[in-house]
Amino acid sequence: MFRVLAFVYGLAAYVVFLVVFLWLIAFIGDFAVPKTINSGTSENALFAAIWDLALIALFGVPHSVMARTGFKRWITTMISPAIERSTYMWVTNALLALLMWQWQPIGTVIWQAHGALQIVLYGLFAFGWLVLLISTFLTDHFYLFGLKQITAHLRNQAAAPMKFRVILFYKLVRHPMMLGILIAIWFVPTMAVGGLVFAAGMTAYILIGIYFEERGLEAELGADYQAYKQTTLILLPGVRVGMKHVPSDNE
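Note that the structure is a prediction, hence the values are computed from the model and not measured.

Parameters at a glance
Residues numbered from 1 in each chain as written. Predicted model: local features only at pLDDT ≥ 70, side-chain atom pairs only at ≥ 80, totals over all residues. Heavy atoms only, no water. Salt bridge = Lys/Arg side-chain N within 4 Å of Asp/Glu carboxyl O. Buried < 20%, exposed > 50% of the residue type's maximum accessible area, 1.4 Å probe, protein only. Helix = DSSP H or I, 4+ residues; strand = E, 2+ residues; numbered from the N terminus. Polar contact = N/O pair within 3.5 Å; in protein donor to acceptor, adjacent residues only side chain to side chain. Contact = heavy atoms within 4.5 Å.

As a further point, take the pattern of salt bridges. Throughout the structure, instances matching the rule amount to four salt bridges. Across the salt bridge formed by Asp140 and Lys148, the nearest N and O atoms sit 2.6 Å from each other. Relative accessible area serves as the criterion here: at 12%, Asp140 is assigned to the buried category. Of the residues examined, Lys148 reaches a relative accessible area of 31% and is grouped as partly exposed. Where Arg174 meets Glu214, a salt bridge forms, and the shortest distance between an N and an O atom there is 2.8 Å. Of this pair, Arg174 sits in the loop between helix 7 (147-154) and helix 8 (176-186) while Glu214 sits in helix 9 (residues 193-221), and the two are 40 residues apart along the sequence. Both residues of the pair, Arg174 and Glu214, count as buried.

Moving on, we get to the side chain of His141. As for its position among the elements, His141 is in helix 6 (residues 141-144). A distance of 2.8 Å separates polar atoms of two side chains, one belonging to His141 and the other to Tyr14. Setting aside chain neighbours within four positions, we find His141 in contact with Tyr14, Leu133 and Thr136.

Have a look at this one:
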């Protein structure tokens, strides 16, 4: 019975994430949802900026900490390892939804593109999300989102660990998922002050997260990752390599 409940729990986490992810795209892109990143304005811009940065921190700290090996070791003393990743997804869903729900817009427009430039920026915006999505499949999409674990658990089996070769985007940069997010949050046709706070705050979180991610990968992969670092840049296109690379779960 527990295996069935764990499967439903994990599958629901994935479905809800898809909804929240689409909501996030529309929220940042300033379209299709009632409240977007640029909707309205705030009476106190300083308070709004502090509040918004706090929301980013509230999302970023648990999202990063829960991906660390030490936290996983601790949490799986209380819950089944089969639903550890699904639990991570539920927390991510809740914190992202909270951020978008409670976001305080600061409406002063910094730039607003029109015509051909608007089309180009929307194209780059879409490209960033596409890079992120494809990169999840280049690693192991269904493992990253906990589906492989709950499916194996339902069959009373152990999920095979995530395996990944350096292919496509990973031949160019070490963290293509993060690069995709950065492209998506910066290349928007309309950037207000609130959007700038979001982009700057998320960029800071991503760079801090990459720092700790790199440390974990070096500890896990040793000399192989050191060699990978020498030939491939973190977020900018580098030299193609042919060695194996196994990103950790929050890449």
